Every structure is written in structure tokens, then in C-alpha cells.
Amino acid sequence: MTHICSVKAQYYCVKAKLSPDAYLQQALQLAWYRDQGYATATYETASTRMMLHGRTDVIRTLSSESRDFVKGMLDTNVDVSQAVLLV
């Protein structure tokens, strides 16, 4: 079942021109909000090793678009066509 879900997610990401990482980050944001009741910045590594003196750094982001997506997914008044636009 997990493989089927990952294949569907991969297909969706390609079709919607979304980064699989961005898709996963939004899923994590949604899960966190459902569990904790508030949005939070996520912690993600960002590699700059291809640059001069590159290293691994971290990104902590919470955009207003991400927050709107999460709230829209949980709002029972938002229909599917509106929810798709939030992605």
C-alpha cells in the first residue's frame, strides 16, 4: 500500500509541477497543525556543497502560502476546486 501511495504522490507531483520535497513539507505542516493546533517553521537541511566552501545548512520556513494551504485543507467550507488552488 505504501508503494502505491508513493507512486500516486510522485505522479501528482510531476503532473502538478511540484517538488516532491515541497509536497512532503506541506504534508508535514498539515499533520503538525492537526496535531498541535498551530503552524510552525520546519527544519530542513540545505546542501551548498556544490558551491565554493560549500557546507550543509538548514532552512526554517513558514510562508503565508503554506499557512493558507494548511488552514484551507482543514476548512470544511473550502471545496475541492478551491483547495487545489491552494497547492
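Fair warning: this is a prediction, and the values are worked out from it, not measured in the lab.

**Quick notes on the packing of aromatic side chains**
Link 1 in the chain: Scanning all chains against the criterion turns up one aromatic pair.
Link 2 in the chain: Pairing W32 with Y38 gives two aromatic rings, centres 6.0 Å apart and planes at 85 degrees, and the pair type is edge-to-face.

**Thoughts on helix α2 (residues 20-36)**
Note: α-helices contain 3.6 residues per turn, so residues at a spacing of three or four share the same orientation.
Link 1 in the chain: Here α2 contains 17 residues, and its C-alpha end-to-end distance of 24 Å stays within 8% of the 24 Å for a straight helix at 1.5 Å per residue.
Link 2 in the chain: Buried within α2 are the following residues: Q25, Q26, Q29 and L30. For α2, the buried positions fall inside an angular range of 140 degrees around the axis, keeping them on one side. Counted as exposed and oriented over 90 degrees from the buried face of α2: P20, R34 and D35.
Link 3 in the chain: Positioned one or two residues after α2, G37 has a phi angle of 90 degrees, which is positive.

**Overview of the side chain of S66**
Link 1 in the chain: Mapping S66 onto the fold places it in helix α3 (residues 64-74).
Link 2 in the chain: Taking the relative accessible area as the measure of exposure, S66 reaches 7% and is therefore buried.
Link 3 in the chain: Apart from residues no more than four positions distant in its own chain, S66 is found in contact with Q26 and Q29.

**Examining a nonpolar patch on the surface**
Link 1 in the chain: A cluster of nonpolar side chains, Y12, Y23 and V87, forms an exposed patch at the surface whose accessible area comes to about 260 Å².
Link 2 in the chain: Along the polypeptide, Y12 turns up in helix α1 (residues 2-16).

What counts as what
- Residues numbered from 1 in each chain as written.
- Predicted model: local features only at pLDDT ≥ 70, side-chain atom pairs only at ≥ 80, totals over all residues.
- Heavy atoms only, no water.
- Phe/Tyr/Trp six-rings, centres within 6.5 Å; stacked < 30°, edge-to-face > 60°.
- Helix = DSSP H or I, 4+ residues; strand = E, 2+ residues; numbered from the N terminus.
- Expected span 1.5 Å × (residues − 1).
- Buried < 20%, exposed > 50% of the residue type's maximum accessible area, 1.4 Å probe, protein only.
- Arc of directions from axis to C-beta.
- Contact = heavy atoms within 4.5 Å.
- Patch = residues over 30% accessible without salt bridge, like charges linked within 9 Å, V, L, I, M, F, W, Y side chains within 5 Å.
- Areas by Shrake-Rupley, 256 points an atom, 1.4 Å probe, with all protein chains shown as cover.
- Salt bridge = Lys/Arg side-chain N within 4 Å of Asp/Glu carboxyl O.

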